[in-house]
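Per-entry structural report
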Amino acid sequence: MSNINISYKELKQLEKGSYQLLDMRDESNTSYGMIPGAVVAAGEDELGTQAKEYIDQGKKVILYCTKGIFSKEAAEKLAEEGIDVLSLEGGYTGWLLSLMKEEQENDQKTEQNNKEAEGKGKKKELTRTQEIEKSIRKKFHKQIFSKFVKAIKTYDLVQENDKIAICISGGKDSMLMAKLFQELKRHNKFHFDLVFLVMDPGYNEMNRQIIENNAKLLDIPITVFESDIFDAVYEIEKSPCYLCARMRRGYLYSKAKELGCNKIALGHHYDDVIETILMGMFYGAQVQTMMPKLHSTNFEGMELIRPMYLIREDDIKHWRDYNGLHFIQCACKFTDTCTTCNPDGVTKSKRMETKQLIAKMKEINPYVESNIFKSVENVNLKTIIAYKKDGVKHSFLDTYDQEN
C-alpha cells in the first residue's frame, strides 16, 4: 500500500477501528449515502488538521469522493505537506459496485441453500429481495405504503386499465416507488399494468451498472432506452439542470406512449413539494406548487402522476438505510468528474439551500413544513392582488367596486 491509492480489497483487509474514512463529497451527494463509518471531510483549508487528528490517534486516514479523482489530488497535496493519507480507488462509486458484487454472490448462495433446504423439508431463508419487500409491508407500512395509497386515493391517480410507466432514474425515490407499485398491484382490487422505464441519458458505465444491479436486487424488470441528453446540455451555461429535466420528461413521455402507456409516474415526494413552493416565491416571484397530477400539453392522452406526494424524504432514507441499499445520485457529467466533491459546499443548488432553510425554520416552528404544504390548499382569492388562469391575468381591481 505504498501507493497513495488503496483498493476496496485492501480496505477490507484492514482491521476495524484502524482507519478513518473521510467523505469529500458535498452535502447534496452525501445525502444519497455514505460508506459505513465514514465522516464528512473538512474544507480544503482544515482537511490537513482533521487528518492529523486521526493520524495522532494511530489511524490510517482514507479519503474518498465520487470516483476517486478529487480525493487522489487532495491526498497528493497533503503528502507534499508531510501528511500521509490514502485515497480510495474508484471512490464511492467503485466501493458501491464492489459491495453489490458481493451481495449478488451472497444472494446466489442463499438461493442455492433454499433449494437444498426445500428437498430436505427445512425452513428457507429470506433472500435480500424478500427482506426488502417485507420491510415495506411491515416496518414501513404506516410511514410509506399507507401514505402512497392515500395519495393515490386522495388525488385519484390510478384508474382501472391504466398502463403506467414507472420512471426510474436510479435514485432512492424512484426505486422505492417501483417497489410500492409492485406491492399495490399484488393487492389492488382492479386491473392496471406497469412498465418500469429507465432512460439512460448518457450515464457512464459504472452508474449504468449500479442501476441495473439495484433493479436486479429489488426484482424490478426494467425496460432501458438510451438518449444523448447529457451531451446536449453539458455546454449549456444557463439553467442546464432545468433544460435537462424538461428534455428527460419529453423523452419519457414519448417512450411511454410508444409502449402503450397512458401515464408516467415520477418519484417526487412531500419534501420536493414544499421546497418547490418556497423556490417559486424566492426565485420565481410566483405562488405555485408541484401538482400531484398533470395532463400533458404535448402528448395527447398522456398524464403525469406523483404517487409519492405525501411521503417524507426522511422516511425514504430510513427505508434505504434500514435495508442497506445504495443508489446513484444525479450522475450527470458534472458529478461524473467529481466537480461536486467540494467540501466547502460552494456548488450548493438552490434546492439544497431551500432544504437547509426549511430545516432552520423548523427549529423555531415544528409545524412549518405542514404549514407550507397546506398554504397552497388554503388560498383565499379575496386576499390575492392578482392571479393567472389559463394564461390570463386577473386583478382584484376587476371586481373591487362591484363587491361594495
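As shown above, the structure is provided for reference.
A brief look at the structure comes next.

Looking now at the overall build of the chain. Secondary structure assignment for the chain yields 17 helices and 13 strands. For the chain, whose C-alpha radius of gyration is 24 Å, the value lies close to the compact-globule estimate of 22 Å for 404 residues. Reported as C-alpha extents along the three principal axes, the dimensions of the chain are approximately 85 × 60 × 40 Å. Looking at the chain as a whole, 46% of its 404 residues qualify as buried. Pairs at least 24 apart in sequence give 74% of the contacts found in the chain among residues at least 6 apart. Taken together, the 58 basic and 61 acidic charged side chains of the chain have centroids lying 6 Å from each other.

So, about the packing of helix α12 (residues 270–284) against helix α16 (residues 368–375). Their axes nearest at 9 Å, the elements α12 and α16 cross at an angle of 70°. Accordingly, the angle class assigned to the pair α12 and α16 is roughly perpendicular. For the pair α12 and α16, the sense of crossing is left-handed. Seen from α12, the contacting residues are Tyr 270, Val 273, Ile 274, Ile 277 and Leu 278; seen from α16, they are Glu 369, Ser 370, Ile 372, Phe 373 and Ser 375. Tallied by class, the residues present in the contact of α12 with α16 amount to seven nonpolar, two polar and one charged.

Roughly 25° is the biggest bend found in helix α7 (residues 141–154), and it falls at Lys 147. Buried-residue contacts for α7 involve α6 (128–137), α8 (172–187) and α13 (313–322). Trailing α7 by a residue or two, Asp 156 shows a phi angle of about 50°, which is positive.

In this section: a negative patch on the surface. A cluster of like negative charges, contributed by Glu 73, Glu 76, Glu 80 and Glu 81, occupies part of the molecular surface. Within the fold, Glu 80 resides in helix α4 (residues 69–80).

The next thing to look at is the sheet that holds strand β1 (residues 5–6). Strand order in the open sheet formed by five strands is β1-β5-β4-β2-β3, and the pairing between neighbours is parallel. In the strand order of this sheet, the two ends are held by β1 and β3 (39–40), each with one partner. Pairing of strand β2 (residues 19–23) with β3, which is carried by two bridges, proceeds in the parallel orientation. Looking at β3, one finds that Asp 23 is bridged to Val 40. With respect to the sheet, α4 is in contact with β1, β4 (60–64) and β5 (86–88), its orientation differing from that of β4 by roughly 140°.

Bringing the packing of aromatic side chains into the picture now. If you walk through the whole model with that rule in mind, you get 13 aromatic pairs. Considering the side-chain rings of Phe 282 and Tyr 283, the 6.3 Å spacing of their centres and the 90° angle between planes classify their relative orientation as edge-to-face. Residue Phe 282 is classed as partly exposed on the basis of its relative accessible area of 46%. Judged by relative accessible area, Tyr 283 falls into the partly exposed class, the value being 46%. Aromatic pair Tyr 309 and Phe 373: ring centres 5.7 Å apart, planes at 65°, arrangement edge-to-face. Of this pair, Tyr 309 sits in the loop between β11 (303–305) and α13 while Phe 373 sits in helix α16, placing them 64 residues apart in sequence. Relative accessible area serves as the criterion here: at 5%, Tyr 309 is assigned to the buried category. Phe 373 sits in the buried class, given a relative accessible area of 8%. A cation over a ring is seen here: Arg 25 above Tyr 92, with NZ or CZ 4.1 Å from the ring centre. Stacked on the ring of Phe 140, the Lys or Arg Lys 139 has its end atom at 5.9 Å from the ring centre.

Here we take up a nonpolar patch on the surface. Together, Met 281, Phe 282, Tyr 283, Val 287, Leu 357 and Met 361 make up a nonpolar patch on the protein surface, roughly 560 Å² of accessible area in all. Where the nonpolar patch is concerned, the elements lending two or more residues are α12 and α15 (350–364). At three residues, the largest contribution of residues to the nonpolar patch is made by α12. Tracing the backbone shows Met 361 in helix α15.

With twelve residues, α4 ought to run about 16 Å at 1.5 Å a step, and its terminal C-alpha atoms sit 17 Å apart, in line with that. The complete set of buried residues in α4 reads Ser 71, Ala 74, Ala 75 and Leu 78. Buried residues along α4 cover an arc of 100° about the axis, so they all sit on one side. The inward-facing, buried residues of α4 contact α3 (47–56), β4 and β5.

Reading the values: rules and limits
- Residues numbered from 1 in each chain as written.
- Predicted model: local features only at pLDDT ≥ 70, side-chain atom pairs only at ≥ 80, totals over all residues.
- Heavy atoms only, no water.
- Helix = DSSP H or I, 4+ residues; strand = E, 2+ residues; numbered from the N terminus.
- Rg over C-alpha atoms; globule rule 2.2 N^0.38 Å.
- Buried < 20%, exposed > 50% of the residue type's maximum accessible area, 1.4 Å probe, protein only.
- Contact = heavy atoms within 4.5 Å.
- Lys, Arg positive; Asp, Glu negative; His and termini not counted.
- Charge placed at Lys NZ, Arg CZ, Asp CG, Glu CD.
- Axes fitted to C-alpha atoms, helices over the stretch in contact; angles between N-to-C directions.
- Parallel < 35°, antiparallel > 145°, perpendicular 65-115°, else oblique.
- Left-handed = near helix turned anticlockwise from the far one by under 90°.
- Nonpolar A, V, L, I, M, F, W, Y, C, P; charged D, E, K, R; others polar.
- Bend = angle between axes of the 7 residues up to and from the residue.
- Patch = residues over 30% accessible without salt bridge, like charges linked within 9 Å, V, L, I, M, F, W, Y side chains within 5 Å.
- Areas by Shrake-Rupley, 256 points an atom, 1.4 Å probe, with all protein chains shown as cover.
- Salt bridge = Lys/Arg side-chain N within 4 Å of Asp/Glu carboxyl O.
- Pairing = 2+ DSSP bridges.
- Phe/Tyr/Trp six-rings, centres within 6.5 Å; stacked < 30°, edge-to-face > 60°.
- Lys NZ or Arg CZ within 6 Å of the ring centre and 35° of its normal.
- Expected span 1.5 Å × (residues − 1).
- Arc of directions from axis to C-beta.

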